[in-house]
Protein chains: 2
Amino acid sequence: MGTGSVLWGVLAPMASRCRSVPAPICRRANPPWSLTILVVTLLSGVAQTIAAANCDQWGRCELKLTGPATGNPFVDVKLTAEFTQADQRITAAGFYDGDGVYRVRFSPPTVGEWSYVTSSNAKQLDGQRGSITAAPPTGDNHGPVRVARQFHFAYADGTPFKPLGTTCYAWTSQPDELQERTLETLAAAPFNKVRMCVFPKRYTWNENEPPSYALEGTPPDQWEFDRFNPEFFRQLERRIDQLAGLGIQADLILLHPYDKGHWGFDRMPAEADDRYLRYVVSRLAAFRNVWWSLANEYDFMKEKEESDWDRMIRVVTDADPYGRLTSIHNGFQIYNHTNPRLTHASIQNGSAAEDPGRAVLYRDAYRKPILLDEIKYEGDIPKRWGNLSAEEMTHRCWNTIIAGCYPTHGECYLADDDILWWAKGGVLKGQSPARLAFLKQVLDNAPAAGIDPIDKWQHPRIAGQPGAYYLVYLGKQSPEEWYFVLPKHGLEDGMRFRVDVLDAWNMTVTPIDGEFVVKQQTPYLFADENERTVPLPSRPYQCVRIERVEKSE
Amino acid sequence: MGTGSVLWGVLAPMASRCRSVPAPICRRANPPWSLTILVVTLLSGVAQTIAAANCDQWGRCELKLTGPATGNPFVDVKLTAEFTQADQRITAAGFYDGDGVYRVRFSPPTVGEWSYVTSSNAKQLDGQRGSITAAPPTGDNHGPVRVARQFHFAYADGTPFKPLGTTCYAWTSQPDELQERTLETLAAAPFNKVRMCVFPKRYTWNENEPPSYALEGTPPDQWEFDRFNPEFFRQLERRIDQLAGLGIQADLILLHPYDKGHWGFDRMPAEADDRYLRYVVSRLAAFRNVWWSLANEYDFMKEKEESDWDRMIRVVTDADPYGRLTSIHNGFQIYNHTNPRLTHASIQNGSAAEDPGRAVLYRDAYRKPILLDEIKYEGDIPKRWGNLSAEEMTHRCWNTIIAGCYPTHGECYLADDDILWWAKGGVLKGQSPARLAFLKQVLDNAPAAGIDPIDKWQHPRIAGQPGAYYLVYLGKQSPEEWYFVLPKHGLEDGMRFRVDVLDAWNMTVTPIDGEFVVKQQTPYLFADENERTVPLPSRPYQCVRIERVEKSE
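All values reported here derive from a predicted model rather than from experimental measurement.

Asks: Explain helix α6 (residues 306-319) of chain A here, please?
Replies: Since the α-helix turns once every 3.6 residues, residues separated by three or four places project in the same direction. Residues and elements named next belong to chain A. Counted at 1.5 Å a residue, the expected span for α6 with its 14 residues is 20 Å, and the 20 Å between its end C-alpha atoms agrees. Where α6 is concerned, the buried positions are D308, W309, R311, M312, I313, V315, V316 and T317. The inward-facing, buried residues of α6 abut β17 (249-255), α5 (270-284), β18 (290-295) and β19 (326-327).

Asks: Please explain the sheet that holds strand β17 (residues 249-255) of chain B as it appears in this structure.
Replies: Strands belonging to one sheet form pairs held by backbone hydrogen bonds; the direction of such a pair is parallel or antiparallel. Residues and elements named next belong to chain B. As summarised here, the arrangement of the 5 strands in space is β13-β14-β17-β18-β19, forming an open sheet in which the pairing is parallel. The two strands at the open ends of the sheet, each matched to only one other strand, are β13 (165-167) and β19 (326-327). Of the pairings in the sheet, the one linking β17 to strand β18 (residues 290-295) comprises 5 bridges and is parallel in character. Directly across from L252, in β18, lies its bridge partner W292.

Asks: Can you walk me through the packing of helix α7 (residues 356-366) of chain A against helix α7 (residues 356-366) of chain B in this structure?
Replies: Helix-helix packing is described using two parameters, namely the angle between the two axes and the distance between the axes. At a closest axis distance of 9 Å, the pairing of α7(A) and α7(B) adopts a crossing angle of 30°. The orientation of α7(A) with respect to α7(B), classified from their angle, is roughly parallel. For the crossing formed where α7(A) meets α7(B), the hand is right-handed. Contact with α7(A), carried on its side by A:G357, A:R358, A:L361, A:Y362, A:D364, A:A365 and A:Y366, involves B:G357, B:R358, B:L361, B:Y362, B:D364, B:A365 and B:Y366 of α7(B) and no other residues of that element.

Asks: I would appreciate a short explanation of the side chain of B:D503 in the present structure.
Replies: Residue and element names in this part refer to chain B. On the secondary structure map, D503 appears in strand β30 (residues 496-503). Owing to a relative accessible area of 1%, D503 belongs among the buried residues under this scheme. A polar contact is formed between the side chain of D503 and the side chain of R539, at a distance of 3.1 Å.

Asks: Hey, could you run me through the relation of the copies chain A and chain B in this one?
Replies: What relates the two chain copies is a rotation about an axis together with a slide along it. With an axial shift of 0.0 Å and an RMSD of 0.0 Å, the rotation relating chain A to chain B amounts to 180°. Taken together, the rotation angle and the small translation identify this as a two-fold axis. Nearest to the rotation axis, the C-alpha of A:R358 is located 2.4 Å from it, this being the minimum over chain A. The share of interface residues of chain A whose copies in chain B are also at the interface is 100%, consistent with both copies meeting through the same surface.

Asks: I keep staring at the state of the cysteines and nothing clicks. Help me out?
Replies: By definition, a disulfide links the sulfur atoms of two cysteines through a covalent bond. Residues and elements named next belong to chain B. Following the criterion strictly, the structure yields 2 disulfides over all chains and no others. Each sulfur of the disulfide joining C55 and C61 lies 2.3 Å from the other. The chirality of the disulfide connecting C55 with C61 is left-handed, given an S-S dihedral of about -115°. For the pair shown, C55 and C61 are each scored as buried.

Calculation criteria
- Residues numbered from 1 in each chain as written.
- Chains lettered and ligands numbered in written order.
- Predicted model: local features only at pLDDT ≥ 70, side-chain atom pairs only at ≥ 80, totals over all residues.
- Heavy atoms only, no water.
- Helix = DSSP H or I, 4+ residues; strand = E, 2+ residues; numbered from the N terminus.
- Expected span 1.5 Å × (residues − 1).
- Buried < 20%, exposed > 50% of the residue type's maximum accessible area, 1.4 Å probe, protein only.
- Contact = heavy atoms within 4.5 Å.
- Pairing = 2+ DSSP bridges.
- Axes fitted to C-alpha atoms, helices over the stretch in contact; angles between N-to-C directions.
- Parallel < 35°, antiparallel > 145°, perpendicular 65-115°, else oblique.
- Left-handed = near helix turned anticlockwise from the far one by under 90°.
- Polar contact = N/O pair within 3.5 Å; in protein donor to acceptor, adjacent residues only side chain to side chain.
- Least-squares fit on C-alpha atoms with pLDDT ≥ 70 in both.
- Disulfide = S-S within 2.5 Å.

Now the structure itself:
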């Protein structure tokens, strides 16, 4: 029985408007998303309001209401909307967006009509009813990314998603022009996930203040922990939508230790942390490309206990009606990723990526997708985590893939302007991204089921899908040939395979003439029936790709 | 208000009676423990019985009662005794031992007087009261082994316990003479833990029936799941006491899949499993050298779900009033060792022991002691898990130690008599046990705090205690020298160290002349101030041992 005004908007990331236009041009040509609202229905001052709008499945609709602007609406006003369709029921929290405006965002998980009703302790916002109709998704809208086949990911429509991320912690805290440059770089890069922070970063090479702050207050350290800055969030949301337009998942780091009390966002009281987390989730959960990362290097935030993190994981996952991907990233002490609220393990450990026989162990321990979200950085800084060669970064990404896990790239080359990709974005200077584009192509052409270890504790460098597809990654070895031999799983005498040699560094694909026909050789192994070997160029970073041939070609 | 008879016995493993006698002779000379009962008080047919006995702290006392012998006492009769001292309260289940005899065993965790009272649904057994006085421990009685310093173990009196186990799955299911031979072998071997099954084993090279069975019934597969065979358990208990006399922990495997329905002990109904587990715990929990291993290769028991194991872990740990060490061992799927009822991780994974940089990852995941309880076997059988060279077995044990974990040895050499150590015991034929004795000596001389990684993800081959003690294990590399360089942790300029070169295979200790004096060289590393190197013999399996010298010698 509300008396507020209701505005339904359908919010679409750029990309769905510019599918056929080259991405960077499209991106620059687009207005901010706040202008893309396709106004549908406006009802105001009626006892019973019914709003209707059309909105794609997995898209984003927004219910706009006018309510109290006095007192502290961030704290005083509770607002939720319940969306129902048959036996589905989604309760989304609304949020105060300043100037007396309240919004509830909704991302319909299924097509068809959804009814809603609002609940609020503010009379104006309470009891608003209506319905919207979700249309089938179009274009690049495959839905949000979910865990699939235990160790992998897929979009909600089933399309495989194989994460190959990069790291730009504080790119949205930089001057606008630099943010634009970062987006241009990303548009041309192979990465489909970005690890990025909500809060700004204070660290070596990171001493600038951000353009705006998530909280109301006076920089650097006088904050009203119970009042948020809607303009800050609108800018952040614009960037997340732009990432969606580029097909990039925003792995949003909610808290981090790179503050050390300069702003104090790393040491807010528990109540403030929880309020902040709920506010972020109420604004962003309906964005289908958002992943929650509770923290970067959570254990380096010395003001918090592990039980605080358990609590905050609950706060976020309880508040999120869509079950977005959720993780937490470690410094020195890996979190207990068996926590069922964590959808995947986000692990910092460079050494795990040095050997596929190491990374693979995490799959057994956590039984969920493993993202090695920090394997050190390509670069030349004196910190020991920041001076991998491009070859080593590439090699580590391959090792991680061969282990049935997923790697995240990072780069920190010293720069006169202190713009290091790892923190601020800008341009990529390293030589690994081109190689990772090659790796991504290999992954895109691999089976939808993904890359799994074939015989996990016996042959750590052989991965793929048993009987169908294999990658045999030889890493730093430089042999002249590889004796064609595979673990028995899925093989039968007479199966035929074609072979390519992939050069992970030089980015070449060399087909090997003729087919390989397997024959059991030992209780555990199959070889080519004529004991053929695969010739190799005596260089490191070679990978033998083996694909089943159903019928002789 | 019982009317039964109460007999207090003090049960001591052999060793405490023969401390100064060479163990094997002593062992052979001793009568079975059932004869070692030192009868103390016998009260019978009184309304209120008070029994008193003396019994060492961490030793074992036994309350003997006479009760119902008709019906099915294993199921019909419930019996517990509550032992109290100040605010300590221990409730121990009693058990039916046949012929109308019931027993309650108690191992006092502290010295001094303990009162007890029995509870039973059988009038004769109910309300028996009395007290015993626990004397201070003597001789080799250091108490049960507990987790210490998160990743390590110590006896209850604080003495470090560094597990170096071996595997004789079915040694107590062999003819008596062979069991005796196994004990002789163990008396001369370096192992301080044995992995051993309650149930017999059916497998290649294991086709003999055991001398007796845990359940009443008709072999091979007609069993009364609700009636146990006390004589079987008395024999098992005798062997466990004999192990205690040799200073060996009995890592008792309660269930296993090497049956495949021949006896059917691998597929008992849940109720029978639980009853069996409670009976075993009621008999054995008071043995201070017993560890519970819920299963070997739990996931190979296809009749059980993972939830069954969760339940059975609860059954065992709820029944055990002493909190004995508890684990569960995997085949292909590692159990979730973060379960707080599991005191340590018991892991089968040979590949983890191939590289200290692999094994170390388990410490992060499980945050408790890691026992690599199957790293493949020294031997020559055609199974791929059973033909490691002695060098490789030795190397894997060293890798595991350097990773801050603990290895378990195993051996299976083909034999005309089908007596392979791994399953039946007998004699050791391999060459690794001598090397493991050398490794054990190194461990015994290492700091009480144990061997931990120094800089876990950076220098996997360097372990010890920061600033005090280091083992730098070079594995299969055969360098001429090792450049003396250590991670910064615990180091300050001017600290002095002495160095030995340990040859893990040839079992030699070569002291290096002169001291090494450290000086910070990089932000992360200290080297010798004169950049000295440690000369090495260009052979594999060398370990540089570095010990702090407090004052120049």
